[in-house]
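Structural overview for review
Chain by chain, the residues run as shown.
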Amino acid sequence: MTRSQHKTKSNNPLNPSQNLCALRVAQYLGVNGLVTYLHTINDLVRAARKVYTVRSRKSSVRANTVGKARKSLSNLDGKYYMIIVKGHVLLLDTNGTTIIDTDPRIRDKRKITHIYAVI
């Protein structure tokens, strides 16, 4: 997808260059003003890497859903965890507690595509 396509499909009416879920995570981490675009996971990781060390941890977590992954995050080395599911991003702490989720679920069975530790 091109940038113009991302902007057309953006869910942020105030700034179509940044999707709301990625923007909320970036705001919490204090990196929202460091990049122009926040549409893809690469945009969010690039912004976070300007301040933090960001490492992929998908292979360390054997769980395939958000609910199952919460239990195993305390064994990893991050301060926060960006969990990416299809079309959405969540921010969790080391205990697996949700910090940012613009689409919360009671029983979270969304399939994980990426996990990034923010150190």
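Shown above is the structure to which this text applies.
What this report covers is the structure whose coordinates are included nearby. (Residues numbered from 1 in each chain as written. Predicted model: local features only at pLDDT ≥ 70, side-chain atom pairs only at ≥ 80, totals over all residues. Heavy atoms only, no water.)

1. Some points on the overall build of the protein
A count of helices and strands for the protein gives 4 helices and 5 strands. Tracing the protein from N to C terminus, the helices and strands come up as α-α-α-β-α-β-β-β-β. What you see for the protein is a C-alpha radius of gyration of 14 Å, in line with the 14 Å of a compact globule of 119 residues. Once the C-alpha set of the protein is aligned to its principal axes, its extents read approximately 40 × 30 × 20 Å. Classification of the 119 residues of the protein by burial places 45% in the buried group. Considering only contacts within the protein whose residues lie at least 6 apart along the sequence, 52% involve residues at least 24 apart. When the accessible surface of the protein is summed, it comes to about 6800 Å², and 48% of that surface belongs to carbon and sulfur atoms. Measuring between centres, the 21 positive side-chain charges of the protein sit 5 Å from its 6 negative side-chain charges. (Helix = DSSP H or I, 4+ residues; strand = E, 2+ residues; numbered from the N terminus. Rg over C-alpha atoms; globule rule 2.2 N^0.38 Å. Buried < 20%, exposed > 50% of the residue type's maximum accessible area, 1.4 Å probe, protein only. Contact = heavy atoms within 4.5 Å. Areas by Shrake-Rupley, 256 points an atom, 1.4 Å probe, with all protein chains shown as cover. Lys, Arg positive; Asp, Glu negative; His and termini not counted. Charge placed at Lys NZ, Arg CZ, Asp CG, Glu CD.)

2. Re helix 3 (residues 41-48)
Note that an α-helix has 3.6 residues per turn; residues three or four places apart therefore point the same way. The element helix 3 is largely enclosed, with a buried count of 6 among its 8 residues. Where helix 3 is concerned, the buried positions are Ile41, Asp43, Leu44, Val45, Ala47 and Ala48. The inward-facing, buried residues of helix 3 abut helix 1 (3-8), helix 2 (20-29), strand 1 (54-56), strand 2 (80-85), strand 3 (88-93) and strand 5 (112-118).

3. Let's talk about the pattern of salt bridges
Two side chains carrying opposite charge are able to pair once their charged atoms lie near each other. By the definition in use, this model includes 7 salt bridges. Where Asp43 meets Arg3, a salt bridge forms, and the shortest distance between an N and an O atom there is 2.7 Å. Of the two residues, Asp43 sits in helix 3 while Arg3 sits in helix 1, which places them 40 residues apart along the sequence. Asp43 gets classed as buried once you look at its relative accessible area, which sits at 1%. Of the residues examined, Arg3 reaches a relative accessible area of 30% and is grouped as partly exposed. We note a salt bridge from Asp108 to Arg70, for which the minimum N-O separation is 3.8 Å. Placement of the pair is Asp108 in the loop between strand 4 (98-100) and strand 5 and Arg70 in the loop between helix 4 (66-69) and strand 2, with a sequence separation of 38 residues. Put simply, Arg70, Asp101, Asp108 and Arg110 are held in one network by salt bridges that share partners. (Salt bridge = Lys/Arg side-chain N within 4 Å of Asp/Glu carboxyl O.)

4. Things to note about the side chain of His39
Among the secondary structure elements, His39 is positioned in the loop between helix 2 and helix 3. With residues near it in sequence (within four places) discarded, His39 still touches Arg3, His6, Lys7, Ser10, Pro16, Ser17, Gln18 and Asn19.

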